[in-house]
Amino acid sequence: MKLTAEKVSKKYNRKTGGAGYFYAVGETDFALEENALTAVFGRSGSGKTTLLHMLGGLLAPDSGRVLADGRDIYALSDKALSAFRNRHIGVIPQGSTPIASLTVLENVLLPSLMAGERAEAYALELLETVGIAALRDAMPGELSGGELRRMAIARALINKPSIVLADEPTGDLDDENTAKVLSLLRDTAAGGAAVLLVTHESEAANYADIVLKMDGGKLTNTL
Amino acid sequence: MKSINGLSLKNIIKKPVRSVALLVIAAFLAFSAFGGSLMVSSLSNGLDSLSARLGADIVVVPYAATSKVSYDSIIIQGKPGQFYMDAKYYDKIKNEIEGIDKITAQCFLASAKASCCSTRLQIIGFDPKTDFSVQPWVEKSYSDDLQLYDAVIGSDVTPNSDMTVVIFGETLRVQAVLDKTGTELDSAMYVNADTMKQLIKAHNEKNPNQERVVDPDRVVSSVLIKVQDGYDIDDVVGDINLHVRQVKAIRTQNMISDVASSLSGVSGMIGVLMVLMVVMWVLSAVLMAVAFTMIMNERKKEFAVLRVLGASRARLAGFVFQENALLTLAGGLLGVLITLALAALFAPLIAQSIGLPFLLPSPLMMAAAAAVTVLLTVAAGALTAAVSAYKISKIDTGLILRGDNG
């Protein structure tokens, strides 16, 4: 599935001082290619997370459109957009994002349960892949930041999405686990998915097919 | 967790402090609503039962009794005591006063100590032929005519093992035990006029030195009157007081108001209770709404994650409603059960302290009130939470996640 953004922009209101608002993302065109891992680098506050959220149907742009195979996802009803996200987009949000009342396995299974399935075998396979199979019955409170991040990756992949949007997925990981996660995203792209990785870690460039830079809300293809 | 429906239960079980806090608030809300309505309706029932039990518009007593004894407490509440007037006044009223629909006489006798009871016992004699006051009430427990030496007793009177009671040496057969009223009527005994005459005779024989010997064939204690439709009760009262000497006619309603620390006082109390109940319910509902809204705000990030994973706004509201409906349902039921337990424990105490029967509504009425209470509790809690969650979900998920990221 091809995901494209046409002249999308997003501005936020300033809480104090200066102009009333600022552009987190200026008018931007972007295409997320299938079978490829696209890495967007940028400092904190450069607008890369905002771009990812707009692509994931999580933040309506102030202008422009986001198209999935030519269909404007923001023209869909909330129910249809939610179902589309559940089925086709795997989002790995920044930070720790477990559902605290569920075990690791249940967290990973959650998107499949929402889709009316229970892909337990695949969930266990994913947990094995991200290296936390032994923690399947642990509660999120018992996991380290890195383990929680790996759980979120497994959860994003459970419905075998054709689009994966990863926001700083290696933020809390050591070198070994960083390599594992990047390899996993690389493999996911190789399997046919369109993968977007936004990060400020330069090592990710080694795994990416396409490398872009974001600065001051502008996307460029030069590092 | 087998399906997504298990998420709500997991959230409840795995967050015990939050769950218990919400459950307690819901229980308090239900307690204030159900407890208040139970209190108000029980007091109203008590007042109604007093009027209905007497069944008379006017009570006539010997004039002398009005200054010597608490005649009103004796008549209304069944407090042990006695007074008498000549039976000719009964005939005079019956024959000479206009506007009387029904008229009957009662005779009272207070036992010093019967074989059955450790305290004094009030015996009330009535004439089955003319009675319209005692029998409708007694018939709920005993529908046959009482014969000589038959008695119907209040719930606090304990008969002998052979279902007899011995009064002044006379053995009475207990035919029925009345339902509990929560007042001194529970320590009263009802007999027909012939039995009463025998008991007064026995009393006279046991007390040969008493100041005034009562002739059981010539006395009554009170006359009860039901006024004909179209006649004004106050006019009939005035007529009796004007034309029949040595007696005092009193409107029953006024008598009840004197006994029950004034009818208007109790009515006022019911009004205050109703206002208090509404205020308590509103405050509890506001407290619950605030608590639920605060908790929903605390859970913004959790909701955002669910949205990220594909939950629509409606589905998210559904999760939250299901979770909170389970909690408020449990809390509502707990509040109702606590109220019922407290009502059962304290009803007699309340009745004693206010001098009124504290009559709980029928089981059907209580079940209906309990159901409405639980529904209101669920509506106040779960709907607030679901609406709050739905509103939160209308904020772009990205903005919530961004806020979290700082």
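Structure's up top.
Quantities reported herein were computed from a predicted structural model and do not represent experimental measurements.

Parameters at a glance
Residues numbered from 1 in each chain as written. Chains lettered and ligands numbered in written order. Predicted model: local features only at pLDDT ≥ 70, side-chain atom pairs only at ≥ 80, totals over all residues. Heavy atoms only, no water. Helix = DSSP H or I, 4+ residues; strand = E, 2+ residues; numbered from the N terminus. Rg over C-alpha atoms; globule rule 2.2 N^0.38 Å. Buried < 20%, exposed > 50% of the residue type's maximum accessible area, 1.4 Å probe, protein only. Contact = heavy atoms within 4.5 Å. Areas by Shrake-Rupley, 256 points an atom, 1.4 Å probe, with all protein chains shown as cover. Lys, Arg positive; Asp, Glu negative; His and termini not counted. Charge placed at Lys NZ, Arg CZ, Asp CG, Glu CD. Phe/Tyr/Trp six-rings, centres within 6.5 Å; stacked < 30°, edge-to-face > 60°. Lys NZ or Arg CZ within 6 Å of the ring centre and 35° of its normal. Pairing = 2+ DSSP bridges. Axes fitted to C-alpha atoms, helices over the stretch in contact; angles between N-to-C directions. Core = buried A, V, L, I, M, F, W, Y, C linked by side-chain atoms within 4.5 Å. Parallel < 35°, antiparallel > 145°, perpendicular 65-115°, else oblique. Left-handed = near helix turned anticlockwise from the far one by under 90°. Nonpolar A, V, L, I, M, F, W, Y, C, P; charged D, E, K, R; others polar.

Considering the overall build of chain A
Then, in step 1: The helix and strand inventory of chain A stands at six helices and 10 strands.
Then, in step 2: For a compact globule of 223 residues, the expected C-alpha radius of gyration is about 17 Å, and chain A comes in at 17 Å, within 12% of that figure.
Then, in step 3: Expressed along its principal axes, the backbone C-alpha trace of chain A runs to roughly 50 × 40 × 35 Å.
Then, in step 4: Here chain A holds 223 residues, and the buried ones make up 55% of them.
Then, in step 5: Restricting to contacts in chain A with at least 6 residues of sequence separation, those with at least 24 account for 69%.
Then, in step 6: In the form shown here, chain A has an accessible surface area of approximately 8,900 Å², with 47% of it arising from carbon and sulfur atoms.
Then, in step 7: Charge-centre separation for chain A: the mean point of 23 positive side chains lies 7 Å from the mean point of 28 negative side chains.

Here we look at helix α3 (residues 104-114) of chain A
Then, in step 1: Judged by how many residues are buried, α3(A) sits mostly within the fold: 11 of 11 residues are covered.
Then, in step 2: Just past α3(A), the residue Gly116(A) takes up positive phi, approximately 85 degrees.

Focus on the packing of aromatic side chains
Residue and element names in this part refer to chain A.
Then, in step 1: Using the criterion set out here, one finds three aromatic pairs over all chains in the structure.
Then, in step 2: Against the face of Tyr-21 rests Lys-11, its NZ or CZ located 5.4 Å from the ring centre.
Then, in step 3: Over the aromatic face of Tyr-122 sits the side chain of Lys-160, whose NZ or CZ is 4.6 Å from the ring centroid.

Let's talk about the sheet that holds strand β8 (residues 194-199) of chain A
All names here are of chain A.
Then, in step 1: Judged by pairing direction, the sheet is mixed, and its six strands sit side by side in the order β6-β7-β8-β3-β9-β10 without closing on themselves. Either end of the sheet is taken by a strand with one partner, and the two such strands are β6 (89-92) and β10 (218-220). For this sheet the average axis-to-axis angle between neighbouring strands, irrespective of direction, equals 20 degrees.
Then, in step 2: For strand β3 (residues 36-41) and β8, the ladder comprises six bridges, and the chain directions are parallel. Bridging from a neighbouring strand, Leu-37 pairs with Val-195 of β8.

Considerations on the nonpolar core
Then, in step 1: Ranked by internal contacts, the top residues of the largest apolar core, which has 103 residues, are Leu55(A), Leu110(A), Leu165(A), Leu185(A), Leu196(A) and Leu306(B).
Then, in step 2: For Leu196(A), the residues in contact, after removing those within four places along its chain, are Phe30(A), Leu32(A), Thr38(A), Val40(A), Leu52(A), Leu55(A), Val164(A), Leu165(A) and Ala166(A).
Then, in step 3: Ranked by size, the runner-up nonpolar core spans 25 residues in total, among them Ala65(B), Ile74(B), Trp137(B) and Ala176(B).

Overview of the packing of α3(A) against helix α4 (residues 120-129) of chain A
All names here are of chain A.
Then, in step 1: In the contact formed by α3 and α4, the axes pass within 10 Å of each other and the chain directions differ by 120 degrees. Classified by the angle their axes make, α3 and α4 are oblique. Here the hand of the crossing between α3 and α4 comes out right-handed. Contact with α3, carried on its side by Val-104, Leu-105, Val-108 and Leu-109, involves Glu-120, Ala-123, Leu-124 and Leu-127 of α4 and no other residues of that element.
Then, in step 2: Class assignment for the residues of the contact of α3 with α4 results in seven nonpolar, no polar and one charged.

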